[in-house]
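Read off the chains here:
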Amino acid sequence: MTTVEQTRPLLQPVLQDVFLGSWGYTTVVSVAPQSCLCLHIDGEVARTRHILVVQTTPESWAFHDGTWAQLAVGGIYTMDPTKPHGGVNWGDLPRIHITVECEGVTDARTNHPL
């Protein structure tokens, strides 16, 4: 079992009321201080990809499909992984988010498109 396969059973019991429907790809991503998540494009996905921000800094930026954004802690963002995306963290703390591919989220007020 890979690390990604081990992540879903740990997170799903805690977040199943937030991320609805069947879950696919699920992982925790940490961008170390003074580093980046290189620009990349993922393949097609069967479900919608959501990002839940756990920790960030004012010096952290996400890039998605030509747009830079600063994501708020606790915010849930929807993104298309087939578009170019990545991020930078020029801060002193890791930037951490949870990625879940599922059918939807419970609270549309916190579901922001990227």
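Residues numbered from 1 in each chain as written. Predicted model: local features only at pLDDT ≥ 70, side-chain atom pairs only at ≥ 80, totals over all residues. Heavy atoms only, no water.

Visitor: Go over the pairing of strand 4 (residues 48–55) with me, naming the residues and quoting the values.
Guide: In terms of strand pairing, strand 4 meets strand 9 (residues 95–102) through seven bridges, oriented antiparallel. Within strand 9, the residue paired with isoleucine 51 across the bridge is threonine 99. One ladder, built from four bridges, connects strand 4 with strand 7 (residues 76–79); its direction is antiparallel. The residue bridging leucine 52 from the neighbouring strand is isoleucine 76, located in strand 7. (Pairing = 2+ DSSP bridges. Helix = DSSP H or I, 4+ residues; strand = E, 2+ residues; numbered from the N terminus.)

Visitor: Explain the layout of surface pockets to me, and be specific about the residues and the numbers.
Guide: What the largest pocket holds in volume is close to 320 Å³. Leu37, Ile51, Met79, His85 and His97 are the residues nearest the centre of the largest pocket, which is lined by 23 residues in total. Of the residues that constitute the lining of the largest pocket, the class distribution is twelve nonpolar, eight polar and three charged. (1 Å grid on protein atoms, 1.4 Å probe; cavity = no way out; pocket = protein on both sides within 12 Å on 5 of 7 lines; lining within 4 Å. Points joined across faces, edges and corners; volume = space filled by probe spheres on them. Nonpolar A, V, L, I, M, F, W, Y, C, P; charged D, E, K, R; others polar.)

Visitor: Describe in detail the sheet that holds strand 3 (residues 35–40), supporting the description with residues and values.
Guide: In spatial order, the strands read 3-8-5-6; together these four strands make up an open sheet with antiparallel pairing. Edge positions in the sheet fall to strand 3 and strand 6 (67–69), since each of these pairs with one other strand and no more. Taken over all neighbouring pairs, the strand axes of this sheet differ in orientation by 20° on average, direction set aside. Pairing geometry for strand 5 (residues 60–64) and strand 8 (residues 85–89), over five bridges, is antiparallel. Paired with phenylalanine 63 across the bridge in strand 8 is glycine 86. (Axes fitted to C-alpha atoms, helices over the stretch in contact; angles between N-to-C directions.)

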